[in-house]
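Spelled out from the first residue to the last, the chains are:
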Amino acid sequence: FLIAILSDALSATIEDAGDNLKISGVFLSTIVLPIVGNAAEHASAVIFAMKDKLDISLGVAVGSSTQIALFVIPLLVIVGWFGNQSMSLDFGSFEAASLLLTVILVTFVLKDGTSNYMVGLVLVVAYLLVAAGFLVHFDEDLSNTS
């Protein structure tokens, strides 16, 4: 019950912040909120990587993304259906293309099983490009989808 109240307050705050700062709600929801919400997880992944435990670091980072994509999002859609909330997994073309390209990039990065500073730099630049894309991306009206 407390989580539901906090989530509602957070979503209202995001909408207000987006309106006040003239920043897209999609940008805040896809870029800013995950960074803030998963700060401890990101910190642990960095600490494991600095201790040369790359397998654990990658497991934390990729495992979390996989869990969200394969479990949490579909579960929330099903829960929304039971609560008479019109939800679907119909992402916009920009969001779907971003997801596809990041999956391809991560696949190529992980196939060797090794890493260096250049791989990290490529990942950071890719993240910044995706963030910039979401910053300038026109918000589609997703409220009319069924």
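You'll find the structure just up there.
First, a word on what this report is: a plain description of the structure on this page.

What counts, and at which threshold
- Residues numbered from 1 in each chain as written.
- Predicted model: local features only at pLDDT ≥ 70, side-chain atom pairs only at ≥ 80, totals over all residues.
- Heavy atoms only, no water.
- Patch = residues over 30% accessible without salt bridge, like charges linked within 9 Å, V, L, I, M, F, W, Y side chains within 5 Å.
- Areas by Shrake-Rupley, 256 points an atom, 1.4 Å probe, with all protein chains shown as cover.
- Salt bridge = Lys/Arg side-chain N within 4 Å of Asp/Glu carboxyl O.
- Helix = DSSP H or I, 4+ residues; strand = E, 2+ residues; numbered from the N terminus.
- Buried < 20%, exposed > 50% of the residue type's maximum accessible area, 1.4 Å probe, protein only.
- Expected span 1.5 Å × (residues − 1).
- Core = buried A, V, L, I, M, F, W, Y, C linked by side-chain atoms within 4.5 Å.

## As for a nonpolar patch on the surface
Right, so step 1: On the surface, Val 32, Ile 35, Val 36, Val 124, Tyr 127 and Leu 128 cluster together into a nonpolar patch covering about 530 Å² of accessible area.
Right, so step 2: Listing elements by their share of the nonpolar patch, those giving two or more residues are helix H2 (25-37) and helix H6 (117-136).
Right, so step 3: Relative to the assigned elements, Ile 35 resides in helix H2.
Right, so step 4: Relative accessible area serves as the criterion here: at 40%, Ile 35 is assigned to the partly exposed category.

## What about helix H3 (residues 39-50)?
Right, so step 1: Helix length check: H3, at twelve residues, gives a terminal C-alpha distance of 16 Å against a target of 16 Å (1.5 Å per residue), a fit within 8%.
Right, so step 2: Taken from the residues just after H3, Asp 52 is the one with a positive phi, measuring 65°.

## Some points on the nonpolar core
Right, so step 1: In this structure, Ile 14, Val 26, Phe 27, Leu 28, Ile 31, Ala 131 and Phe 134 together form the largest nonpolar core, which totals seven residues.
Right, so step 2: Those elements that place two or more of their residues in this core are H2 and H6.
Right, so step 3: Per-element tally for this core: the top contributor is H2, with four residues.

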